Amino acid sequence: MSAEVAATTEFRPHSSHWGVFTAAMRDGELLVRPHPGDPDPNDIIQNFPSALRHPARIAQPMVRRGWLERGPGPDRRRGRDEFVPMAWDAVLDLLGGELQRIRDSHGPAGVFGGSYGWSSAGRFHHAQSQIHRFLNCAFGGYVASVNSYSSGAASVIVPYILGTYEELTKHNVTWDQVAAHSDVVLAFGGMALKNAMVAGGGISEHVERGAMQAARGRGCDFILVGPLRSDLPEEAGAEWVANIPGTDTALMLALVHTLVAEGLHDQAFLDRYTVGWPVFERYLLGEADGQPKDADWAAPITGVSADAIRSLARRLHGRRVLVTVAHALQRAEHGEQPVWMGAVLAAALGQIGLPGGGYGYALGAIGYYGRRANAVPGPTLPQGRNRHGDFIPVARIADMLLNPGAAYRYKGQTRTYPDVRLVYWAGGNPFHHHQDLNRLREAFARLDTLVVHELAWTATARHADIVLPATMTLEREDIGYSSHDPLMVAMHRIADPYGEARDDYDIFAALSRRLGAEDAFTEGRSSRDWLCHLYARTQQALREAGLPAPDFDAFWAAGGLRLPQAPDDGGPWRAFREDPEANPVPTPSGRIEIFSETIAAYGEASCPGHPAWLPPEEVPGAATPLHLVANQPATRLHSQLDFGAHSVAAKHRGREVASLHPVDAAARGIADGDIIRLFNGRGACLAAVRLTTDIRPGVVQLATGAWYDPENPEDDRPLCVHGNPNVLTRDAGTSALAQGCTGQLTVVEMERFNGNLPPIRAFEPPMAG
Ligand SMILES: Nc1nc2c(c(=O)[nH]1)N[C@H]1C(S)=C(S)[C@@H](COP(=O)(O)OP(=O)(O)OC[C@H]3O[C@@H](n4cnc5c(=O)[nH]c(N)nc54)[C@H](O)[C@@H]3O)O[C@H]1N2
Ligand SMILES: Nc1nc2c(c(=O)[nH]1)N[C@H]1C(S)=C(S)[C@@H](COP(=O)(O)OP(=O)(O)OC[C@H]3O[C@@H](n4cnc5c(=O)[nH]c(N)nc54)[C@H](O)[C@@H]3O)O[C@H]1N2
Ligand SMILES: [Mo]
């Protein structure tokens, strides 16, 4: 357990989702250095030193006063109440009793344990795995969540139309292929380097910048389609097509229309490898609805001239073209459509399956995409089996809590929301990831009990009834492993736990004991025993492959182990191209489905049987004339360590910085460096202003991740004084097919904020009374 190893004054290896590094404690100060072998290390590791002992950390177990005094039950005081500190044994007894009560009265259907979130990189202390294992092995099951906020639409639609989602992102066109083979990279939503800097489980080599440089040096053209020029790095030397956000499907349709109209599409590829082209072509040419989807049609929708669309289409013909579509495009209304249409464009060009060509969905979004897979498995904590089986699509949490018993559509089925009484979160931050936070607050007010394990006082922790302080990754030993990075890391313990913080594992072990199921959860192992046990799987695989297989102690002493990697073979689409009969893709027809009979039979207007332009409900209008792009932050992962120095240094006057175009600013008397109020019918937040001509006029960009900071928490729709865009975003699914998150895009108005600037309180611990 955690106290076995002392803090270290020597530099020792550790890992995070934002990169492998080494660290040491010297005179009470944490020092961090990037991994020496990393060609392009990520500065986000610089959030650690100031975060480790920051007062935003949670020092001891806390219970909300109203819950303690009145017991479990719906309460609008959540997020507005004070907290009472409690000793570990007492709080564990209290929570153990509450879990028993829920289990006796509601069974597993009463607990939502989806607990979505990235938590930390170590594979054993991975909070998601820990909480699911606990709920499965010691509690008896829970209501789960499926899919992700990342790829809610793509991961659902891809199996119907293209094949296996994991293979599409992780076993497809690699950066090595781009560097060596691509002639044109047409990147919808770009491939911002800030994004590939991050990879779950840790990453020791950031290769994207170098690969783009090499491709460019060879003469490859990068074309960026999207509202922000910074979505491709300077190294790519990209041309910029600044379309209106949310209109990529229309642009892709017009590109394919031009190809077809000019006889530049690859009919032989379409005939051999796809099904449904004739149905789609009738729609494309306007035979189905009287409207050809040509460049003239697309120009006013997309904000890109018809000439520019036509000449772009012609440039794609006859060259090795890679089409990429960022995750961001599908995190919006009808997000399934650009994912599907991107595949149709790549198919119409006949490029799918060629080295450096075809469809690189989400390439560049995360550091483990476009890389070779490891040839041996890494450590993963077994989560046990969930005997309950009920689930929601992950982004439907507020809908579920607000409408128990209500019906909703998902993957062609009508399902019913369960009546959840207790929500248990460890390793995620719904006040970061969810949309329409005022609505989320209402939803959480309806619970009996909200339990949160956290290392810091996030807004989620502040809205909880029972808050248990978790250790930060640096305060425990673990193994860092990502499926597509060759370095497995012996993550040494660098620092002592903060205050009374405990490992999630130790907390769940103690609760399991109170539920009479300690052995089922721990299997009698200490944390160190588990690390040895989980390592053995990799060691065994190495041995079977006839490779050096050091034992755990040797691995630990060496600080890491380089793993063999699988070949860069183009994955299932290369094999399919070479022999579609022998290697069909795992869709219903075995081909790429340009028309899907399965999806058509579901009869959803929000996702018909072939890709189509479906105008969004939320468009700029008189009251909210601007698009807001709420994308990933450059200086942190999501909301993690927002109080760290590297994240704070990127703020201005303590606020998150929004980028806007000078014409939109001038029209409202806004200057660079001003504070603005962004608002719509759902909420409002403050942000600082950075003016730039590298953004399409009419678009404002505000990254996610600034901690929600309500000026007056008593209000129903308080002003967030810090700049969390999720007070503005809309809580609606992508479509009835996938019900994915639509947080990337919304509509807003803005004005200069002239009042007294309210203080930032998000990083101060809440009142303890
Ligand atoms: N508007 C809008 N919203 C979005 C997006 C968007 O594009 N626009 N993007 C979405 C996407 S792609 C994602 S993936 C989600 C991300 O949403 P999340 O994954 O929920 O965000 P994180 O900030 O990574 O949350 C992880 C939390 O776990 C805590 N933590 C870290 N380590 C540990 C640990 O060991 N134990 C415990 N108990 N806690 C730990 C951290 O302090 C942090 O609060 O956000 C989504 N939200
Ligand atoms: N530094 C850092 N890196 C991260 C993360 C992080 O929090 N911080 N999060 C990680 C996670 S979990 C994920 S899932 C990935 C997310 O990967 P993405 O979702 O792809 O990343 P984003 O930065 O949200 O969006 C990429 C860009 O898409 C553009 N865009 C938005 N809407 C549109 C549109 O309608 N059309 C076009 N053409 N472009 C549009 C925006 O300009 C935006 O900058 O990033 C990962 N990488
Ligand atoms: Mo994500």
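What you see is a predicted model; the values in this text were computed from it and never measured. (Residues numbered from 1 in each chain as written. Chains lettered and ligands numbered in written order. Predicted model: local features only at pLDDT ≥ 70, side-chain atom pairs only at ≥ 80, totals over all residues. Heavy atoms only, no water.)

### Quick look at the environment of Trp-277
Argument step 1. With respect to the helices, strands and loops of the structure, Trp-277 is situated in helix α12 (residues 277-284).
Argument step 2. Here the alpha-carbon distance between Trp-277 and Gly-384, two residues 107 residues apart in the chain, equals 44 Å.
Argument step 3. If sequence neighbours within four positions are ignored, Trp-277 has contacts with Val-256, Val-260, His-265, Gln-267, Leu-270, Leu-284, Val-344 and Ile-594. (Helix = DSSP H or I, 4+ residues; strand = E, 2+ residues; numbered from the N terminus. Contact = heavy atoms within 4.5 Å.)

### Points about the UniProt feature "domain: Molybdopterin dinucleotide-binding" (unreviewed entry) in the protein chain
Argument step 1. UniProt annotation of "domain: Molybdopterin dinucleotide-binding" (unreviewed entry) refers to residues 626-741 when read in the numbering used here.
Argument step 2. A helix fraction of 9% and a strand fraction of 23% characterise residues 626-741, whose end C-alpha atoms lie 20 Å from each other. (UniProt positions renumbered as here; feature names shortened; annotations may be inferred.)

### So, the sheet that holds strand β24 (residues 626-629)
Two pairing modes exist for strands in a sheet, parallel and antiparallel, and in both the strands are linked by backbone hydrogen bonds.
Argument step 1. Ordered in space as β24-β28-β25-β27-β26-β29, the six strands form a closed barrel in which the pairing is mixed. Sheet twist, expressed as the mean angle between neighbouring strand axes with direction ignored, is 45 degrees.
Argument step 2. Looking at chain direction, strand β26 (residues 675-680) and strand β27 (residues 683-691) are connected through six bridges and run antiparallel. Residue pairing in the sheet places Phe-679 in a bridge with Ala-684 of β27. (Pairing = 2+ DSSP bridges. Axes fitted to C-alpha atoms, helices over the stretch in contact; angles between N-to-C directions.)

### A look at the pattern of salt bridges
Argument step 1. All chains considered together, the criterion is met by 53 salt bridges.
Argument step 2. Residue Asp-448 is joined to Arg-421 by a salt bridge in which the shortest nitrogen-to-oxygen separation is 3.1 Å. Taken as a pair, Asp-448 in the loop between α19 (437-445) and β18 (449-454) and Arg-421 in the loop between β16 (413-416) and β17 (422-426) lie far apart in primary sequence, 27 residues in all. In this structure, Asp-448 and Arg-421 share a single accessibility class: buried.
Argument step 3. Each of Arg-64, Arg-70, Asp-75, Arg-78, Asp-81 and Asp-465 takes part in one network of salt bridges that share partners. (Salt bridge = Lys/Arg side-chain N within 4 Å of Asp/Glu carboxyl O. Buried < 20%, exposed > 50% of the residue type's maximum accessible area, 1.4 Å probe, protein only.)

### Regarding the sheet that holds β18
Argument step 1. Taken in spatial order, the six strands of this open sheet run β5-β4-β19-β18-β17-β6, and their pairing is mixed. In this open sheet, the two edge strands, each paired with only one partner strand, are β5 (83-85) and β6 (111-112).
Argument step 2. As judged from the five bridges shared by β17 and β18, these two strands associate in the parallel manner. Bridged to Trp-425 within β18 is Val-452.
Argument step 3. With respect to the sheet, helix α4 (residues 127-139) is in contact with β6 and β17, its orientation differing from that of β17 by roughly 140 degrees.

### Here's the deal with the site of ligand 2
Argument step 1. Residues in close proximity to ligand 2 total 32 residues, the closest being Lys-194, Asp-231, Gly-246, Asp-248 and His-638.
Argument step 2. The separation between an oxygen atom of ligand 2 and a polar side-chain atom of Asn-631 is 2.8 Å.
Argument step 3. Across the complex, the protein chains shield 98% of the 920 Å² of accessible surface that ligand 2 would expose by itself.
Argument step 4. Here the element with the most residues in the shell around ligand 2 is helix α15 (residues 327-330); it accounts for three residues.
Argument step 5. Of the residues contributing to the shell around ligand 2, the split by class is 16 nonpolar, 11 polar and five charged.
Argument step 6. Built from parts of two domains, the shell around ligand 2 gets at least three residues from each of domain 2 (173-369) and domain 3 (626-752). (Near = heavy atom within 4 Å. Polar contact = N/O pair within 3.5 Å; in protein donor to acceptor, adjacent residues only side chain to side chain. Areas by Shrake-Rupley, 256 points an atom, 1.4 Å probe, with all protein chains shown as cover. Nonpolar A, V, L, I, M, F, W, Y, C, P; charged D, E, K, R; others polar. Domains from an automatic or database assignment.)

### Brief notes about the packing of α4 against helix α21 (residues 504-514)
Argument step 1. As a packed pair, α4 and α21 sit with axes 10 Å apart at the nearest point and diverge in direction by 10 degrees. Judged by the inter-axis angle, α4 sits roughly parallel to α21. Contacts between α4 and α21 involve Ala-127, Gln-130, Ile-131, Phe-134 and Ala-138 from the former and Asp-504, Tyr-505, Phe-508, Leu-511 and Ser-512 from the latter.
Argument step 2. Grouping the constituent residues of the contact of α4 with α21 by class yields seven nonpolar, two polar and one charged. (Parallel < 35°, antiparallel > 145°, perpendicular 65-115°, else oblique.)

### Some words on the domain arrangement of the protein chain
Argument step 1. Taken domain by domain, the protein chain consists of domain 1 (3-51), domain 2 (173-369) and domain 3 (626-752).
Argument step 2. The centre of domain 2, based on its C-alpha atoms, is set 27 Å off from the matching centre of domain 3.
Argument step 3. At the junction of the two partners, domain 2 supplies 22 residues and domain 3 supplies 23 residues.
Argument step 4. When domain 2 packs against domain 3, the two sides together hide about 1,800 Å² of surface, and 60% of this comes from carbon and sulfur. (Buried area = accessible area lost by both parts, 1.4 Å probe.)

### Quick notes on the site of ligand 1
Argument step 1. Neighbouring ligand 1 are 33 residues; Ser-120, His-433, Glu-454, Asp-504 and Ser-639 lie closest to it.
Argument step 2. Between an oxygen atom of ligand 1 and a side-chain N or O atom of Ser-639, the distance comes to 2.5 Å.
Argument step 3. Summarising the interface, the protein chains cover 98% of the accessible area of ligand 1, which totals 930 Å² for the free molecule.
Argument step 4. At the level of elements, α18 (430-433) and β18 are the ones that each hand at least two residues to the shell around ligand 1.
Argument step 5. Looking at the shell around ligand 1 residue by residue, the class counts come to seven nonpolar, 22 polar and four charged.

### Section: the packing of aromatic side chains
Argument step 1. Under the counting rule described, the total for this entry stands at 33 aromatic pairs.
Argument step 2. Centroid distance Tyr-535 to Phe-555: 4.7 Å. Interplanar angle 15 degrees. Geometry classified as stacked. On the criterion of sequence distance, the pair formed by Tyr-535 in helix α23 (residues 527-544) and Phe-555 in helix α24 (residues 552-558) is long-range, its members being 20 residues apart. Across the pair, Phe-555 and Tyr-535 agree in class, each one buried.
Argument step 3. Aromatic pair Phe-552 and Trp-556: ring centres 5.4 Å apart, planes at 20 degrees, arrangement stacked. One end of the pair, Phe-552, and the other, Trp-556, are both in helix α24, four residues apart, so they sit about a helical turn from each other.
Argument step 4. Stacked on the ring of Trp-530, the Lys or Arg Arg-525 has its end atom at 4.6 Å from the ring centre.
Argument step 5. The cationic tip of Arg-677 hangs over the ring face of Phe-679; the distance from NZ or CZ to the ring centre is 4.3 Å. (Phe/Tyr/Trp six-rings, centres within 6.5 Å; stacked < 30°, edge-to-face > 60°. Lys NZ or Arg CZ within 6 Å of the ring centre and 35° of its normal.)

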